[in-house]
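The chain contents come next:
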Amino acid sequence: MAYYHKLGTFPQKRHVQFRQEDGSLYAEQLVGTLGFSGLSSLLYHKNPPTRITRIGEPVPYAPKVAEGIKLAPHHLKTLDQTITGTDYLSARKTMMLNSDVAISICNPSERKMDYYYKNGQADEVVFVHEGSGVLLSQMGKLEFREGDYIVIPRTIIHQFHFNDGPVRLLITESFSPIETPRRYRNHFGQLLEHSPFCERDIRAPHELIEYTEGGEHLVQIKKDGLLHQYYYGFSPFDVVGWDGYFYPYALSIYDFEPITGRIHQPPPVHQTFEAHNFVICSFVPRLFDYHPQAIPAPYNHSNVDSDEVLYYVAGDFMSRKGVDRASFTVHPGGIPHGPHPGTVEASIGKKETHEYAVMIDTFKPLYLTEEAVGLMDKNYPMSWLENGPNTTRAADMFD
Ligand SMILES: [Fe+2]
């Protein structure tokens, strides 16, 4: 994260003696990225984080990529997937992925996790479409609510505790660090005046947890298509203090201030995060273009080098017929896409939009999973025909 944060107690000088009440030393741990040149934090544990009791058998946890998918625009309908599984990990269903990113839905029915979790090789951006609760981590408590992006850096051990009510999450795993857009930061890392959000909008953990329960504590570690089972004789939430730049944080889509103009603004104005080879953008309610001849609907475009994923959150999706909340549209690079018939004319004279959507644009092609194929609207590729989808041709496309 782009600003320094600290919680709890730690010595004034790093790497010096820091003792517990019984005289023993706290266990200092540097958690850092990019080989000592990325962001890092220093944590002080009651127990050495290296003290593993046992390692169980790893559990297979790799999505299956669907074979034989034709190059085409896709529409995945996930709204009916009210529950995708019981607990946070079993409920994750990956929809698409490549070597930079994996995109999953997750609608767990259980409210609390009875294990700990960390992603051993990817940062996670958990977008809270529905639900609220608290993220517990080694770095402290972080309350979240609908509309939050929760950014959890790799290796941070955490648990989600959800409040009562439906939970619907969109999870983006990034195999490189998630960052705020570089063009919105100055040389020192501070967000600039033209950024659509600033440090005041970013919420960091605010209270340490310091569990002291004995017994066996399971940490499930996601790495290389497996869930590795690590057991400890103490809770990993045993941190008495930490400081640094590496920690989970939340940013609400409701705090994203849209950038508008006299004529249609390109998708990068919606950019919220970036990582290697992909970006995450937020479409939020905004005034439409105010040139007297402006066409608010987007123009057809061939984003030659990007696959474009839109996840529809709330509102009236002006340019697409037939999409609903929790729909994905996936438009592969090189294939032109744009508004459905009639929506360009209908947009003229409109003053504002109330839509919310999350967009993920990737430079490398995305591969749909077998889970995604089961949610596919097979008519979608033909939905730009004047008289609506031609189901015969749609079947030709996919079957
Ligand atoms: Fe597009």
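Looking up the protein chain in an unreviewed UniProt entry gives the name Homogentisate 1,2-dioxygenase, with the organism given as Pontibacter ramchanderi. According to the UniProt record, the Sequence similarities (unreviewed entry) comment for the protein chain reads "Belongs to the homogentisate dioxygenase family." In UniProt, the protein chain has this text filed under Cofactor (unreviewed entry): "Fe cation".

Focus on the overall build of the protein chain
Looking only at helices and strands, the protein chain has three helices and 28 strands in total. Dimensions of the protein chain, computed from the C-alpha atoms along their principal axes, are close to 80 × 45 × 40 Å. Looking at the 399 residues of the protein chain, the share that counts as buried comes to 53%. Within the protein chain, residue pairs in contact and separated by at least 24 positions form 73% of the contacts whose partners lie at least 6 positions apart. Averaging the locations of the 36 positively and 48 negatively charged side chains of the protein chain gives two centres separated by 2 Å.

Some details on the coordination of the iron ion
In this structure, His301 (NE2), Glu308 (OE), Glu308 (OE) and His337 (NE2) serve as the protein donors to the iron ion, at separations of 1.9 to 2.6 Å. Geometry at the iron ion is irregular, judged from the four donor atoms that bind it and their angles of 56 to 171° at the metal. Mapping the donors of the iron ion onto the primary sequence gives the spacing H-x6-E-x28-H. Taking the relative accessible area as the measure of exposure, His301 reaches 22% and is therefore partly exposed.

Section: the domain arrangement of the protein chain
Domains assigned within the protein chain are domain 1 (5-64 + 83-253) and domain 2 (258-382). Centre-to-centre, using C-alpha coordinates, domain 1 lies 30 Å away from domain 2. Summed over both sides, the interface of domain 1 with domain 2 buries roughly 3200 Å², with 66% coming from carbon and sulfur. The partner of Arg325 in a salt bridge is Glu130, with the nearest N and O atoms 3.4 Å apart. The tally of links between domain 1 and domain 2 comes to 18 residue pairs in polar contact (both at pLDDT 80 or more).

A short note on the sheet that holds strand E15 (residues 168-174)
In space, the eight strands of this open sheet follow the order E16-E20-E13-E10-E15-E8-E7-E28, with antiparallel pairing throughout. Looking at strand neighbours, the two that pair on one side only are strand E16 (202-203) and strand E28 (367-368), the edges of this open sheet. In terms of strand pairing, strand E13 (residues 148-152) meets strand E20 (residues 249-252) through four bridges, oriented antiparallel. Counterpart to Val151 in the pairing with E20 is Tyr249.

Here we look at the pattern of salt bridges
One pass over the full model with this rule turns up 13 salt bridges. Between Arg92 and Glu173 there is a salt bridge; the shortest N-O distance is 3.9 Å. Highlighted residues: Arg92 in strand E7 (residues 92-97) and Glu173 in strand E15, separated in sequence by 81 residues. You'll find Arg92 and Glu173 in the same group, each marked buried.

Section: the state of the cysteines
Under the criterion given, the structure shown has zero disulfides. You can see Cys198 has no disulfide; the closest cysteine sulfur is in Cys281, sitting 19 Å from it. Residue Cys198 is classed as partly exposed on the basis of its relative accessible area of 27%. For Cys281, a relative accessible area of 2% puts it in the buried group.

Considerations on the UniProt feature "domain: Homogentisate 1,2-dioxygenase N-terminal" (unreviewed entry) in the protein chain
Taking the numbering used here, the UniProt-annotated feature "domain: Homogentisate 1,2-dioxygenase N-terminal" (unreviewed entry) corresponds to residues 86-250. Secondary structure content for residues 86-250 is 0% helix and 45% strand, while the C-alpha to C-alpha distance between its ends is 24 Å.

Criteria and cut-off values
- Residues numbered from 1 in each chain as written.
- Predicted model: local features only at pLDDT ≥ 70, side-chain atom pairs only at ≥ 80, totals over all residues.
- Heavy atoms only, no water.
- UniProt positions renumbered as here; feature names shortened; annotations may be inferred.
- Helix = DSSP H or I, 4+ residues; strand = E, 2+ residues; numbered from the N terminus.
- Buried < 20%, exposed > 50% of the residue type's maximum accessible area, 1.4 Å probe, protein only.
- Contact = heavy atoms within 4.5 Å.
- Lys, Arg positive; Asp, Glu negative; His and termini not counted.
- Charge placed at Lys NZ, Arg CZ, Asp CG, Glu CD.
- Donors = N, O, S within 2.8 Å, 3.2 Å for Na, K, Ca; no water.
- Tetrahedral: all angles 85-135°; square planar, octahedral: opposite > 155°, others 65-115°.
- Domains from an automatic or database assignment.
- Buried area = accessible area lost by both parts, 1.4 Å probe.
- Salt bridge = Lys/Arg side-chain N within 4 Å of Asp/Glu carboxyl O.
- Polar contact = N/O pair within 3.5 Å; in protein donor to acceptor, adjacent residues only side chain to side chain.
- Pairing = 2+ DSSP bridges.
- Disulfide = S-S within 2.5 Å.

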